[in-house]
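Reading the structure
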Amino acid sequence: TDQYEGSTAYLSCPTFSTSPLGSSFITDCACLAGYTLDTTLGQYMCVACPPGQYKTALGNEACVDAPVNTFVPTDPVGSPYISCPAHTMTLEPARWHPEQCVCEPGAEGVD
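Report follows, based on the coordinates. Keep in mind it's a predicted model, so treat the numbers as computed, not measured.

In this model, F16 sits at a positive phi of 65 degrees, which is unusual for a non-glycine residue. Secondary-structure assignment places F16 in the loop between strand 2 (10–12) and strand 3 (17–18). The phi dihedral of N69 falls on the positive side, at around 70 degrees, and the residue is not glycine. Secondary-structure assignment places N69 in the loop between strand 8 (64–65) and strand 9 (70–71). Judged by relative accessible area, which is 33%, N69 ranks as partly exposed.

Here a disulfide denotes one covalent bond, and it connects the sulfur atoms of two cysteines. On inspection of all chains with the given rule, the structure shows 4 disulfides. Here C31 connects covalently by a disulfide to C46, the sulfurs 2.1 Å from one another. Between C31 and C46 the sulfur-sulfur dihedral comes to about -85 degrees; the bridge is accordingly left-handed. Of this pair, C31 sits in strand 4 (residues 30–31) while C46 sits in strand 6 (residues 45–48); the two residues are 15 residues apart in sequence, bridging distant segments of the chain. In this model C84 forms its disulfide with C101; the gap between the sulfur atoms is 2.1 Å. For the disulfide bridge between C84 and C101, the dihedral angle about the S-S bond is near -70 degrees, and by the sign convention the bridge is left-handed. Here C101 lies in the loop between strand 11 (88–89) and strand 12 (102–103) and C84 lies in the loop between strand 10 (82–83) and strand 11, a separation of 17 residues in the sequence. For C84, a relative accessible area of 11% translates into the label buried. Across the protein, the disulfide pattern expressed with sequentially numbered bonded cysteines is 1-2, 3-4, 5-6, 7-8.

Parameters at a glance
- Residues numbered from 1 in each chain as written.
- Predicted model: local features only at pLDDT ≥ 70, side-chain atom pairs only at ≥ 80, totals over all residues.
- Heavy atoms only, no water.
- Helix = DSSP H or I, 4+ residues; strand = E, 2+ residues; numbered from the N terminus.
- Buried < 20%, exposed > 50% of the residue type's maximum accessible area, 1.4 Å probe, protein only.
- Disulfide = S-S within 2.5 Å.

Here it is as structure tokens:
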């Protein structure tokens, strides 16, 4: 369900979250995979993982950086991150586009 029981009525969980049946508090709402809890504006809301980060499970845990030599597509389907093409690598973690994969030492790119 996407609702929790407030003091006098059922209230909806924030967008991109859900809660177990019979939940009583907004803190029972859990962010969907690909979203993380953000309370910086004084509100309980789920926001998309930043570019180069991912989260695969339901919950309010933080998103994590994609490993080195991978990138996170902007609209991931299936795997949360994708390996760079053969003979390419990333220079740091948390990449979000295949163009951020660069040639390995000794390899040459194609124009």
